[in-house]
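# Chain and residue survey
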Amino acid sequence: MERGKLRIYLGAAPGVGKTYAMLSEGHRRVERGTDCVVAVVEHHGRRRTELMLHGLEQVPRREVEHRGDVLTEMDVDAVLARRPRVALVDELAHTNVPGSRHTKRWQDVEALLADGIDVVSTVDIQHLESLGDVVESITGVRERDTVPDEFVRRADQVELVDMSPQALRRRMAHGNVHRPDKVDAALSNYFRPGNLSALRELALLWVADRTDAYLKQYRGEHRVSAIWGSRERIVVGLTGGPEGRTLIRRAARLAEKGAGGEVLAVYIARSDGPTAASPKELAVQRTLVEDLGGTFHHVVGDDIPAALLDFARGVNATQIVLGSSRRKAWRYVFGPGVGATVARESGPDLDVHIVTHEEAAGGRGLPVARGARLGRARIVSGWLAGVAGPAVLALLLSSVHLGLANDMLLFLAVTVAAALLGGLLPALASAALGSLLLNYYYTPPLHRWMIADRENIVAIVIFVGVGVSVASVVDLAARRTHQAARLRAESEILSYLAGNVLRGETSLEALLERVRETFGMESAALLERVDDHAPWTCAGQAGPGRPVRRPDEADVDVPVGDHTALALTGRVLPAEDRRVLAAFAAQAVVVLDRRRLREEAEQARALAEGNRIRTALLAAVSHDLRTPLAGIKAAVSSLRSDDVSWSEDDQAELLEGIEQGADRLDHLVGNLLDMSRLQTGTVAPIVREIDLDEVVPMALGGVPDPEESVELDIPETLPMVAVDPGLLERSVANLVENAVKYSPGGEPVLVSASAMSHRVEVRVVDRGPGVPDEAKERIFAPFQRYGDAPRGAGVGLGLAVARGFAEAMGGTLHAEDTPGGGLTMVLTLRAAGAQPEPPGEVTAARPAAPAAPEERSAEPERQASW
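Just so it is clear, the structure is predicted and the values come from calculations on it, not from any experiment. (Residues numbered from 1 in each chain as written. Predicted model: local features only at pLDDT ≥ 70, side-chain atom pairs only at ≥ 80, totals over all residues. Heavy atoms only, no water.)

## Some thoughts on the pattern of salt bridges
Here is the rule: Throughout this description, the term salt bridge denotes a Lys or Arg side-chain nitrogen within 4 Å of a carboxyl oxygen of Asp or Glu. Burial status follows relative accessibility: with a 1.4 Å probe on protein chains alone, a residue under 20% of its type maximum counts as buried, one over 50% as exposed, and anything between as partly exposed.
Following the criterion strictly, the structure yields 27 salt bridges and no others. In this structure, Asp773 and Lys776 form a salt bridge, with 2.8 Å as the shortest nitrogen-oxygen distance. Given a relative accessible area of 57%, Asp773 falls into the exposed group. Judged by relative accessible area, Lys776 falls into the buried class, the value being 10%. Bridged by salt links that share partners, the residues Arg7, Glu25, Arg28, Arg29 and Glu159 form one connected network.

## Some details on the packing of aromatic side chains
This is how the line gets drawn: For this analysis, a ring pair means two rings from Phe, Tyr or Trp (six-membered ring only for Trp) whose centres lie within 6.5 Å, classed as stacked if their planes differ by under 30 degrees, edge-to-face if by over 60, and tilted for the remaining angles. Secondary structure is summarised from DSSP: a helix means a run of H or I of at least four residues, a strand means a run of E of at least two, and numbering begins at the N terminus for each. The rule is short: NZ of Lys or CZ of Arg within 6 Å of the ring centre and within 35 degrees of the ring normal puts a charge over the ring.
All told, the structure shown has 1 aromatic pair when counted by the stated rule. On the numbers, 5.3 Å between centres and 50° between planes, the contact of Trp106 with Phe151 is tilted. You can see Trp106 sitting in helix α4 (residues 105-114) and its partner Phe151 sitting in helix α6 (residues 149-153), a full 45 residues away along the chain. Sitting over the face of the ring of Phe780, Arg803 holds its NZ or CZ atom 4.0 Å from the ring centroid.

## Remarks on a negative patch on the surface
Short version of the rule: Residues qualify for a patch when their relative accessible area is over 30% and they have no salt bridge, like charges being joined within 9 Å and the nonpolar side chains of Val, Leu, Ile, Met, Phe, Trp and Tyr within 5 Å. Computed with a 1.4 Å probe, the accessible areas rest on the Shrake-Rupley method; for each residue, only the protein chains presented here act as cover. Only four residue types enter the charge count, namely Lys and Arg as positive and Asp and Glu as negative; His and the chain termini do not. Charged side chains are reduced to one point each, which is NZ for Lys, CZ for Arg, CG for Asp and CD for Glu.
A cluster of acidic residues, Glu648, Asp649, Asp650, Glu653, Glu656, Glu659, Asp663 and Asp666, forms a negative patch on the protein surface. Mapped onto the elements, Asp649 comes out in helix α20 (residues 648-680).

## Quick look at helix α7 (residues 165-173)
Put simply, the test is: The arc refers to the directions leading from the helix axis to the C-beta atoms.
Listed as buried for α7 are Pro165, Ala167, Leu168 and Met172. The arc enclosing the buried residues of α7, seen along the axis, measures out at 165°, which places them on a common side. Looking at α7, the residues exposed on the side facing more than 90 degrees away from the buried face are Arg170 and Ala173. Of the residues flanking the end of α7, it is Gly175, one or two places downstream, whose phi is positive at about 80°.

## Thoughts on the sheet that holds strand β24 (residues 823-830)
As a general point, the strands of a sheet are linked pairwise by backbone hydrogen bonds and lie either parallel or antiparallel. Under the convention used in this document: Should DSSP find at least two bridges between two strands, the strands are regarded as paired. Note on geometry: axes are C-alpha line fits, over the in-contact stretch for helices, and angles between N-to-C directions span 0 to 180 degrees. Any two residues having at least one pair of non-hydrogen atoms within 4.5 Å are treated as being in contact.
One open sheet accounts for 5 strands, arranged β19-β21-β22-β24-β23; its pairing is mixed. At either end of the open sheet lies a strand with only one pairing partner, and these are β19 (710-713) and β23 (812-817). Here the average twist between neighbouring strands, direction ignored, is 20°. In the packing of helix α24 (residues 798-808) onto the sheet, contacts are made with β23 and β24, and the angle to β23 comes to roughly 130°.

Nothing here speaks to function; it is geometry throughout.
So, in structure tokens, the structure goes:
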């Protein structure tokens, strides 16, 4: 069955018109005759959005009962049974009510797509999982409803629904997004112009990156080599010299002038040996370019200008930055240099900048290493010396005869010169031609192919032998030079690979991308299988080339062990490159194993944490639970004893002890059960709007003499809070009981509340010994009791449970010092109506990030709670 297609409307913030655009698309498809239904749409009371539902078939929602409330969710089974061609599903990142078919709505969408149903959906940029920390730093809100980035990236279409911050705020002010009573709070908090501008930039950059990835894939599939200047990409050519830092900074300044500018530094090493590159300097330059937001690349290529241009066109670069040559002026006799060659062959679509620097024309610190061949110029010179040299010498000696011995020495000199220049073959040609000319012109009988004197035969044989010997030595030296240069190049690449490992670059995809880039391949994939008969699976792949499913489909495959292979497509590599490629393949397997070991370590860590909790629980059960049981049993045994006649007062005291022990057991068991729920992630708060003065007094039921030990200060003018009343009651109860436990006699615990921006703070203040700063976070860990708390003071779960419940409701809990001594627990809750969307869209809230100095609310003796 063909998989359905997914189209997503992406917005920077709630209210930009994503749902309206989705419903408009639904109407367009219905008008074209497409079978389109509304699977779920959240209009949040927006009149214009609600009107768009008219004329569209809506699949009835499924009712789910949860904790006494009846809630509605998308009925996935009903949509699958209806089998429309297109389903409209709003709020892709929504978290379903417990008891639903899937935990997240995007998983519901995946089920529809797998059944061949096309889906049109919506999502805000802050709900992408990878951007959670960034969004929290901007808005102060930690989004709990998230969708994996990979799921959104796999969508067939992602369309940006954009609106300027000013226009969105005007929509808010006109009541088109929220109810009028919530507009002021929203405009002054989440919908501040700075927040909206930052979220808009995130959305634009995310869509631009996705478009760039699609463009790269398209260019690879269609083998487009021409440069499309869709954005400024600046390639910096590095030689390993000290001028590289200047070039990188210059390229960074050029990139800043263009929107979305990107810097790619590339060092090209010859396959037969590097030039005068300093590994230390290259490491410094790599760090510099990465600090400036660019990337560093290492490419192997014999023809440096061609390799540089191929790399630039491969990444769709628009500019190349090179430094002025460090060669001396006289060396330009041998060629124009890399800069001039790149500028000449770059074409009209690629700009080349030649940047001056202090090292220009200063010469290189090390000589250039020769390659595997002697070079075209030397080979041509060797053949000219070996073929034309003897002929020219014969013409010169035709007028001046110096004797056979001297003539042979001159011809030998020409042969040696040909050997030194061109190697073995030119020397053999020179020796053969020279011996023939000596025989014909200078060995009696003259002008005949005969040698009369035996001594002359020996001389000519020695002449040929010396020429061949010298040529052999030169050829051997050239091969040894090639081998040394090749080993030097390999060691440089392996050193670069080892550096990546030491720097912690353990991403398999990043390593495969380095392999593909280094050897100039189209794609690189790591394949593995369980046994010899199992099918191959792809553990990781990089590059836009065709996907490889088996090693025999690749142009190059390097086996690593019995069941793993590195497969590359693009061209056939020479055998001498396979040794370095094998090192990359082995490192790829190590990275894969390390990733799996890391996953296993995480699982082991979770198991160890569970064991620690269980061990602490057993320790708690062994004493803290046994103590009240022992007291209850002793009191019951005393009451049942016939040996002692108890007075009414004594009986009442024993019964009171039994009741207190039972209450203590109930409290301890309740905390243990609550912590178990938090550890297993089964706490699902039902958030609703409620007044604090309805919940906080109920939390004091377990405190002895609450009228004497607790002082309440809950103003009636406080805004309502969006919380789960049951979880809030348990959190406040644990905080108050902990404060009463450590407060000195006669000092009541103060429970106060106040409103700050879109938050409501509940403060539980005691005058006890306090807690040092380094221990303020540790006291919230399970089974932690601070200081010299007696064993019977509990199992150390009260604060851990209170924080867990607070975070489950989208709030925070932290400890502060009480002015004058003591400890203050600050419970921060979300005020009703503070969120830009109802809980169905955003279910978590945290304190807003600090405002600019002129925007801070000046409240004396208040400490920041973020």
